[in-house]
Amino acid sequence: PNIHIPADAISRSVQFLARQGEKNSARRWLRRALNEMPTWPALEFGWTTSAVYNSFARAMAVVDGPEAAERMLDQALADGHQEKRSGFRKAAVHSALDLKADIGGLDEAIEVARKLRSPTQRRKELANLFARAGRWKELREVLSQVTSPEEAADVMWWTKFELPGGAVV
């Protein structure tokens, strides 16, 4: 039922091959996984399938470049938006936006985040992305829109990881 776990293992293996100079082998194994993926059992669509597309998009970006990963990232976002459970949906969308930013699509990720329906999620995602981009004026504008001390704390908790040295534990 958790097909994202083996998909992530395949993705990590493909990335390892590519980083070891075996891009042709990595490309072949990734293509095989992508061809077989429609036959894999998925009990529900949403965060699980979004995680699979996200994992393979990361591998595709390493093997063939960020442009090649775009279609998969779009599918990861679409499946993430289909998730019925709010927390799972937010996590799936966040993961896809984070990967889009990681592979060089920071401005695109910001544009997608600007269109999120939930004002709270929109502020949280935009704050993270603006901090990552060093766009402090826009970050300040987003932070001025928070509606409660609890939301401010939540936004700042996650934003700190985007700041230099913020991921150090």
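Now for a quick tour of the structure. (Residues numbered from 1 in each chain as written. Predicted model: local features only at pLDDT ≥ 70, side-chain atom pairs only at ≥ 80, totals over all residues. Heavy atoms only, no water.)

**Things to note about the overall build of the chain**
- A count of helical and extended segments in the chain gives nine helices and zero strands.
- Put simply, the chain runs from its N terminus to its C terminus through helices and strands in the order α-α-α-α-α-α-α-α-α.
- For 169 residues, the compact-globule estimate of 2.2 N^0.38 gives 15 Å, and the C-alpha radius of gyration of the chain, at 17 Å, lies within 12% of that figure.
- Viewed in the frame of its principal axes, the chain has a C-alpha envelope of about 50 × 35 × 30 Å. (Helix = DSSP H or I, 4+ residues; strand = E, 2+ residues; numbered from the N terminus. Rg over C-alpha atoms; globule rule 2.2 N^0.38 Å.)

**Description of empty space enclosed by the protein**
- This model, assessed by the stated rule, comprises one cavity of 30 Å³ or more.
- Here the largest cavity defines a volume of roughly 40 Å³.
- Together, His-94, Leu-97, Asp-98, Glu-125, Asn-128, Leu-129, Arg-132 and Glu-162 line the largest cavity.
- Of all the secondary structure elements, the ones that give two or more residues to the lining of the largest cavity are helix H5 (86-102) and helix H7 (119-133).
- The greatest single-element share of the lining of the largest cavity, amounting to four residues, is contributed by H7.
- Of the residues that constitute the lining of the largest cavity, the class distribution is two nonpolar, two polar and four charged. (1 Å grid on protein atoms, 1.4 Å probe; cavity = no way out; pocket = protein on both sides within 12 Å on 5 of 7 lines; lining within 4 Å. Points joined across faces, edges and corners; volume = space filled by probe spheres on them. Nonpolar A, V, L, I, M, F, W, Y, C, P; charged D, E, K, R; others polar.)

**Some remarks on the environment of Ile-5**
- With respect to the secondary-structure elements, Ile-5 resides in helix H1 (residues 4-19).
- For the pair Ile-5 and Ser-55, spaced 50 residues apart in the sequence, the C-alpha separation amounts to 9.4 Å.

**Structural notes on the nonpolar core**
- Counting residues in each nonpolar core, the largest one holds 20 residues, and the members touching the most others are Val-14, Leu-30, Val-52, Phe-56, Ala-57, Ala-69 and Ile-103.
- Top element by residues in this core is helix H3 (residues 47-64). It accounts for seven residues.
- If sequence neighbours within four positions are ignored, Val-14 has contacts with Ala-26, Trp-29, Leu-30, Ala-59 and Val-63.
- With 19 residues, the next largest nonpolar core counts Ala-101, Ile-110, Leu-126 and Leu-129 among its residues. (Core = buried A, V, L, I, M, F, W, Y, C linked by side-chain atoms within 4.5 Å. Buried < 20%, exposed > 50% of the residue type's maximum accessible area, 1.4 Å probe, protein only. Contact = heavy atoms within 4.5 Å.)

**A closer look at the packing of helix H4 (residues 66-82) against H5**
- Relative to each other, H4 and H5 sit at 165°, their axes nearing to 8 Å. In terms of orientation, H4 and H5 fall into the roughly antiparallel class. Crossing handedness for the pair H4 and H5: left-handed. Residues Glu-70, Leu-73, Asp-74, Ala-76, Leu-77, Gly-80 and His-81 of H4 form the contact with H5, whose participating residues are Arg-89, Ala-92, Val-93, Ala-96, Leu-97, Leu-99 and Lys-100.
- Looking at the contact of H4 with H5 residue by residue, the class counts come to eight nonpolar, two polar and four charged. (Axes fitted to C-alpha atoms, helices over the stretch in contact; angles between N-to-C directions. Parallel < 35°, antiparallel > 145°, perpendicular 65-115°, else oblique. Left-handed = near helix turned anticlockwise from the far one by under 90°.)

No statement about biological role is implied by the geometric values presented.
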